[in-house]
Amino acid sequence: AQSVTQLDSQVPVFEEAPVELRCNYSSSVSVYLFWYVQYPNQGLQLLLKYLSGSTLVESINGFEAEFNKSQTSFHLRKPSVHLSDTAEYFCAVNAGGTSYGKLTFGQGTILTVHP
Amino acid sequence: SQTIHQWPATLVQPVGSPLSLECTVEGTSNPNLYWYRQAAGRGLQLLFYSVGIGQISSEVPQNLSASRPQDRQFILSSKKLLLSDSGFYLCAAGRNTEAFFGQGTRLTVV
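Okay, so let's go over this structure. (Residues numbered from 1 in each chain as written. Chains lettered and ligands numbered in written order. Predicted model: local features only at pLDDT ≥ 70, side-chain atom pairs only at ≥ 80, totals over all residues. Heavy atoms only, no water.)

From N to C terminus, chain A includes zero helices and 12 strands. Counting helices and strands in the order they occur from the N terminus, chain A gives β-β-β-β-β-β-β-β-β-β-β-β. Compactness check: chain A gives a C-alpha radius of gyration of 14 Å against a globular reference of 13 Å for 115 residues, within 12% of the reference. Oriented by its inertia axes, the alpha-carbon framework of chain A measures out at about 40 × 30 × 25 Å. For chain A, the residues scored as buried account for 44% of the 115 residues in total. Within chain A, contacts between residues at least 6 apart in sequence are counted, and of these 57% link residues at least 24 apart. Accessible surface for chain A amounts to roughly 5,600 Å². Of this, 51% is attributable to carbon and sulfur atoms. Between the averaged position of the 6 positive side-chain charges in chain A and that of its 9 negative side-chain charges there is a distance of 13 Å. (Helix = DSSP H or I, 4+ residues; strand = E, 2+ residues; numbered from the N terminus. Rg over C-alpha atoms; globule rule 2.2 N^0.38 Å. Buried < 20%, exposed > 50% of the residue type's maximum accessible area, 1.4 Å probe, protein only. Contact = heavy atoms within 4.5 Å. Areas by Shrake-Rupley, 256 points an atom, 1.4 Å probe, with all protein chains shown as cover. Lys, Arg positive; Asp, Glu negative; His and termini not counted. Charge placed at Lys NZ, Arg CZ, Asp CG, Glu CD.)

Structure representation (structure tokens):
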């Protein structure tokens, strides 16, 4: 079984400041790691994923996350946030194989960007 | 690319009434399908998943049931809703290492 802990339920930050959203996981098997973003009253959109290879993965809108196996972490970072980044962010793990989509989610982190 | 359709977008139902939420998938065949629930202030909880027509696995005991009558159709049902069934219900399809989500149905049981 897997579990995911997002260490911050809410993160307020000013526009153009850097941000880090923390995620730790536990699993007895190798997992795939994901970050999803959810805007109010909408579904989840995949932000980025780690499957294998380079431990640093990037999204098209400036977010990046680094897989750290020894610390079992997958923290999400952005060097300079925009007002439009205000949303809830979910870290998730999946055991892979034939279970794509069977995700274990963290509790979510609400990122609020202030002008 | 895959598209997940869910309806209705919002629903207000009285306690004890039945429920039927529908999810259809476009752009892929034979996907794994999932129902998740997001309760207020909580993360997402997997309720059901299906690897094929008529094959349903339940992750948590509850007042809800699921069915998959066609390859790309997934239905969430209840015979009698409880107040605790309120939440945001998301359908997802899993394929090629990713999960794609629908826009969700916000259910309020009153």
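Here the narrative resumes, following the displayed structure.
Moving on: the state of the cysteines. Residue and element names in this part refer to chain A. For the coordinates displayed, the defined rule picks out two disulfides over all chains. Residue pairing for Cys 23: its cysteine sulfur links by disulfide to Cys 91, the two sulfurs lying 2.0 Å apart. As the torsion about the S-S bond is roughly -65 degrees, the Cys 23-Cys 91 disulfide counts as left-handed. Pair noted here: Cys 23 is in strand E4 (residues 23-27) and Cys 91 is in strand E10 (residues 87-94), with a separation of 68 residues, a long-range link. (Disulfide = S-S within 2.5 Å.)

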